[in-house]
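Structural overview for review
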Amino acid sequence: MQRIVVLTGAGVSAESGLGTFRDKDGLWTRYDLSKVATPEGFAADPALVHDFYNARRANALDAAPNAAHDALARLEREFSGDVLIVTQNVDDLHERAGSGNVIHMHGALTGALCAGCGHRWPAPRVMDHKAGCPACTAPATRPDIVWFGEVPYQMDKIQEAVFAADLFVSIGTSGEVYPAAGFVDLADAAGVETLEINLEPTPRPDLFDRVIKGPATQTVPAWVAEILG
Ligand code: BV8
């Protein structure tokens, strides 16, 4: 086996204390997704959206990587082939655990974007919707996050990697948000071996060749140890 593609979701950061979206008292049970995670919501109330992401940025920066993040970084270091992590998460816990080959398909809390000129820069811990863009000075700064209705980042590179993989592993994601939820279909159609690691099996376990059930801090280190033999 030479190429492993790992898709991660909020479940891999759950045991670092960062909430998930759709579990009991998850983020989307406390916030109206359309008001804080859509371009329309941002246009209507940029201050509310910045407050929402400022709180999540603080939580993410104050959180620590857990054993699942560490195990995936170990896999990248010690596996003889390639490991690519495609994460739906916007925290930087994979990077802080030592993973280097990471694609943030839904953006990152550490990134800022100008909705006016497209300039990107490292986000301050607290973003202010009145602050001007460092490049064009327009008061149009937003978190560099992919909202619902926006196109996820690096889709071509991701799809290419999934098609070329020997193993596709989906860890800690409910498989409800597209196009990420469709990657397993691509893998399946391309004859790539598929594995799901999740606290609870998701609605489509039939699509995975293998399912490992349990908390990521236990299941992911065990799976990595198995792969590294
Ligand atoms: C797109 C932003 C076109 C940052 C996110 C109707 C109208 C408009 C759009 C649509 C529509 N119908 C479908 C769509 C498409 C839409 C979509 O899928 N909507 C869903 C709700 C139906 N998607 C989009 O709009 C996307 N863009 O489609 O553009 C396009 C597409 C392809 C090519 C070209 C153009 C954009 C989607 C991105 C939206 N932004 N985040 C932020 O605020 O975070 S999505 C959001 O959900 C997060 O990024 C999150 O990562 C993602 C997925 O959630 P999960 O990570 O899976 O988290 P969840 O809580 O759901 O599940 C947690 C899982 O962990 C559970 O399974 C649980 O069992 C497990 N778990 C919990 N604890 C543990 C654990 N596992 C292991 N161990 C534990 N301890």
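For clarity, every value in this text was computed on a predicted model and none was experimentally measured. (Residues numbered from 1 in each chain as written. Predicted model: local features only at pLDDT ≥ 70, side-chain atom pairs only at ≥ 80, totals over all residues. Heavy atoms only, no water.)

**A look at empty space enclosed by the protein**
- Going through the model one piece at a time under the given rule, you end up with 1 cavity of 30 Å³ or more.
- Along the wall of the largest cavity there are 16 residues; nearest its centre are Gly175, Ala181, Val184, Thr202 and Phe208.
- Tallied by class, the residues present in the lining of the largest cavity amount to 8 nonpolar, 6 polar and 2 charged. (1 Å grid on protein atoms, 1.4 Å probe; cavity = no way out; pocket = protein on both sides within 12 Å on 5 of 7 lines; lining within 4 Å. Points joined across faces, edges and corners; volume = space filled by probe spheres on them. Nonpolar A, V, L, I, M, F, W, Y, C, P; charged D, E, K, R; others polar.)

**Quick look at the domain arrangement of the chain**
- Splitting the chain by domain gives domain 1 (1–17 + 65–106 + 152–229) and domain 2 (19–62 + 107–145).
- Its C-alpha centre places domain 1 at a distance of 25 Å from the equivalent point of domain 2.
- Contact residues are listed per partner, giving 17 residues for domain 1 and 15 residues for domain 2.
- Both sides of the domain 1 and domain 2 interface together cover about 1,100 Å² of buried area, and 54% of this is carbon and sulfur.
- It is Ala10, Val90 and Tyr153 that lose the most area in domain 1 upon contact with domain 2, and together they represent 44% of the buried surface on that side.
- Along the contact surface separating domain 1 from domain 2 lie 1 salt bridge.
- Here Arg22 and Glu176 are joined by a salt bridge, their closest N and O atoms 3.9 Å apart. (Domains from an automatic or database assignment. Contact = heavy atoms within 4.5 Å. Buried area = accessible area lost by both parts, 1.4 Å probe. Salt bridge = Lys/Arg side-chain N within 4 Å of Asp/Glu carboxyl O.)

**Structural notes on the environment of Val49**
- Residue position: Val49 is located in helix α4 (residues 46–62).
- Residue class for Val49 comes out buried when judged on its relative accessible area of 0%.
- As for Val49 and Ser99, which are separated by 50 residues in sequence, their C-alpha atoms are 29 Å apart.
- Each residue touching Val49, except ones within four places of it in the same chain, is listed here: Lys35, Val36, Gly41, Phe42 and Trp147. (Helix = DSSP H or I, 4+ residues; strand = E, 2+ residues; numbered from the N terminus. Buried < 20%, exposed > 50% of the residue type's maximum accessible area, 1.4 Å probe, protein only.)

**Things to note about the packing of aromatic side chains**
- Enumeration over the complete set of coordinates arrives at 4 aromatic pairs.
- On the numbers, 5.3 Å between centres and 35 degrees between planes, the contact of Phe42 with Trp147 is tilted. Taken as a pair, Phe42 in helix α3 (residues 39–44) and Trp147 in the loop between β6 (141–145) and α7 (155–164) lie far apart in primary sequence, 105 residues in all. Pair check on accessibility: Phe42 and Trp147 agree, each one buried.
- Note on Phe52 and Tyr53: the rings are 4.8 Å apart at their centroids and 80 degrees apart in plane angle, and the pair reads as edge-to-face. (Phe/Tyr/Trp six-rings, centres within 6.5 Å; stacked < 30°, edge-to-face > 60°.)

**Quick notes on the site of the ligand**
- Taken together, 35 residues surround the ligand, and among them Phe21, Arg22, Arg56, Gly149 and Ser174 come closest.
- At 3.5 Å, a backbone N or O of Gly11 approaches an oxygen atom of the ligand.
- In this structure, Phe21 approaches the ligand through a main-chain N or O atom, which is 2.6 Å from an oxygen atom.
- Inspection of the shell around the ligand shows a minimum of three residues originating in each of domain 1 (1–17 + 65–106 + 152–229) and domain 2 (19–62 + 107–145). (Near = heavy atom within 4 Å. Polar contact = N/O pair within 3.5 Å; in protein donor to acceptor, adjacent residues only side chain to side chain.)

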